[in-house]
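Notes for the structure review
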Amino acid sequence: MAERDYYQILGVDHGASHEDIRKAYRKLARKYHPDINPGNKEAEEKFKEMSLAHDVLSDPEKRKLYDEFGEAGLATGFDADKARSYQQWQQQSARAGGAYEFNMDDLGDLFGDLGGFSTAGARTRPGPVRGQDIEASMDIDFLDAVRGFQTSITLQRPISCDNCRGTGSKPGTKPTSCPDCHGTGSKSVSQGPLQFRRPCPRCMGSGQLPGDPCVVCRGTGRLVRTETIRVNIPPGAEPEKRIRLRGKGEAGVRGALAGDLYITPRIRPHPLLARSGKDISMELPITVGEAVRGAMVEVPTPVGTIKVKIPAGAQSGQQLRVKGKGVPAHGQSPAGDFYLRLMVRVPQEKVAHDVIEKIDQAYGEDVRKDLRL
């Protein structure tokens with residue numbers, strides 16, 4: 001079956017503006033709406049077609065894909081970059097006289113995710129298409145990322161229509177077999193020497209069309225709503241490492257499973273703390289006396305204040321390790337460690353010369369004796 005021309009269905013030119021498309025749809029809707037033509041199957045089919053055409057051409061992203069790839073570009077999971085790669089391969093193959101060599105592993109890499117394409121003869125999975133995943137980012141304070149916390153995120157996402165329970169059909173009516181794919185949910189597409197099957201763009205892979213379209217979702221089975229979702233950020237959240245919330249992505253088509261929500265944390269820096277994996281480090285100022293004599297000092301950590309022993313004769317830059325006081329343990333992941341880098345601070349006030357002399361005399365050798373380039 002030849003692909004439909006959505007512009008022709010609405011009676012507009014390919015360069016029509018958004019306002020032209022809206023006006024054309026409203027004019028046709030007044031003529032073919034099922035409420036105006038009860039029992040008229042022909043008018044009902046025309047209304048479904050024009051509604052689909054309007055849905056595509058009124059959306060800038062969908063329209064761009066349709067203009068470039070036709071209905072194939074509207075299939076769930078379609079990857080425009082891979083489609084362009086395949087077109088480039090076609091051109092190279094044509095210039096080489098069709099003598100392009102490849103193996104099936106190469107094809108799997110190239111076409112594995114190309115809008116649900118599969119090689120002809122391969123078994124496809126009929127039925128409704130799983131919802132798309134959603135990507136979001138979240139700014140998180142350093143200590144919140146270390147300790148873990150609960151928060152919420154508000155976003156817009158397609159959810160299943162409550163009125164028709166995601167079927168797209170008006171309650172009390174039954175879906176019909178899709179005439180484009182004859183109920184299979186997929187269509188065969190020839191591209192050069194190869195044949196592929198892709199999800200049918202008309203029924204979105206379900207093999208069925210709504211009976212009378214639901215008046216709330218206009219037969220799509222989904223509605224875009226603003227929703228606030230509770231999010232559990234586990235201890236040790238890392239920048240750019242995504243957190244997955246199952247089933248919180250876009251609702252599936254015609255009752256299929258929803259996609260997932262992936263949240264990418266952006267960790268704000270801390271003025272005193274740094275982090276490497278599960279370990280946390282901090283510079284700890286100490287006095288000259290504490291460095292010489294040794295001392296017990298209180299140190300704040302992300303998991304509470306602790307006492308740390310400064311060894312006698314400690315040097316500036318010396319590192320101490322406090323086991324298990326870094327990122328808290330979570331699940332099967334053990335706790336990280338807390339590292340302290342000692343920084344000897346000299347007094348800012350004037351010190352008696354005899355005291356300084358005694359300190360200098362305590363050095364048994366030149367402190368710069370090993371300083372050689």
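Bear in mind that the values here come from a model prediction, so they are computed numbers and not experimental data. (Residues numbered from 1 in each chain as written. Predicted model: local features only at pLDDT ≥ 70, side-chain atom pairs only at ≥ 80, totals over all residues. Heavy atoms only, no water.)

Aromatic ring pairs are reported here in terms of the distance separating the ring centres and the angle at which the planes meet. A complete count under the given rule lists two aromatic pairs for this structure. Centroid distance tyrosine 6 to tyrosine 66: 4.7 Å. Interplanar angle 20 degrees. Geometry classified as stacked. Placement of the pair is tyrosine 6 in helix α1 (residues 6-10) and tyrosine 66 in helix α4 (residues 60-69), with a sequence separation of 60 residues. Per residue, the accessibility class of tyrosine 6 equals that of tyrosine 66, and both read buried. A connected cluster of aromatic rings, assembled from ring pairs, spans Tyr6, Tyr7 and Tyr66. When the ring centre of tyrosine 262 is taken as reference, the NZ or CZ atom of arginine 242 above it lies at 3.9 Å. (Phe/Tyr/Trp six-rings, centres within 6.5 Å; stacked < 30°, edge-to-face > 60°. Helix = DSSP H or I, 4+ residues; strand = E, 2+ residues; numbered from the N terminus. Buried < 20%, exposed > 50% of the residue type's maximum accessible area, 1.4 Å probe, protein only. Lys NZ or Arg CZ within 6 Å of the ring centre and 35° of its normal.)

Turning our attention to the sheet that holds strand β9 (residues 243-245). Paired through their backbone hydrogen bonds, the strands of a sheet run either parallel or antiparallel. If you trace the three strands from one edge of the open sheet to the other, you get β2-β10-β9, paired in mixed fashion. On the outer flanks of this sheet lie β2 (134-140) and β9, each paired with one strand and no other. The average angle at which neighbouring strand axes cross in this sheet is 30 degrees, direction not considered. (Pairing = 2+ DSSP bridges. Axes fitted to C-alpha atoms, helices over the stretch in contact; angles between N-to-C directions.)

Alternating positions in strand β12 (residues 279-287) separate cleanly, Ile280, Met282, Leu284 and Ile286 being buried on one face and Asp279, Ser281, Glu283, Pro285 and Thr287 remaining unburied on the opposite face. Strand direction decides the pairing type here: strand β11 (residues 273-276) and β12, joined by four bridges, are antiparallel. Residue pairing for β12: alanine 274 is matched across the bridge by serine 281. Taking the residues between adjacent antiparallel strands as the criterion, β11 and β12 are bridged by two residues, where glycine 277 takes a positive phi near 65 degrees. When β12 meets strand β16 (residues 338-345), the two strands line up parallel, connected through eight bridges. What sits directly across from leucine 284, in β16, is leucine 342.

As a further point, take a nonpolar patch on the surface. A cluster of nonpolar side chains, contributed by Val351, Val355, Ile356, Ile359, Tyr363 and Val367, occupies part of the molecular surface with about 500 Å² of accessible area. Relative to the elements of secondary structure, valine 367 occurs in the segment after α9 (353-361). (Patch = residues over 30% accessible without salt bridge, like charges linked within 9 Å, V, L, I, M, F, W, Y side chains within 5 Å. Areas by Shrake-Rupley, 256 points an atom, 1.4 Å probe, with all protein chains shown as cover. Salt bridge = Lys/Arg side-chain N within 4 Å of Asp/Glu carboxyl O.)

Now for the packing of helix α3 (residues 41-57) against α4. In the contact formed by α3 and α4, the axes pass within 6 Å of each other and the chain directions differ by 105 degrees. Considered as vectors, α3 and α4 are oriented roughly perpendicular to each other. Across the interface between the two elements, Asp55, Val56 and Leu57 from α3 touch Lys62, Arg63 and Tyr66 from α4. Taken together, the residues of the contact of α3 with α4 sort by class into three nonpolar, no polar and three charged. (Parallel < 35°, antiparallel > 145°, perpendicular 65-115°, else oblique. Contact = heavy atoms within 4.5 Å. Nonpolar A, V, L, I, M, F, W, Y, C, P; charged D, E, K, R; others polar.)

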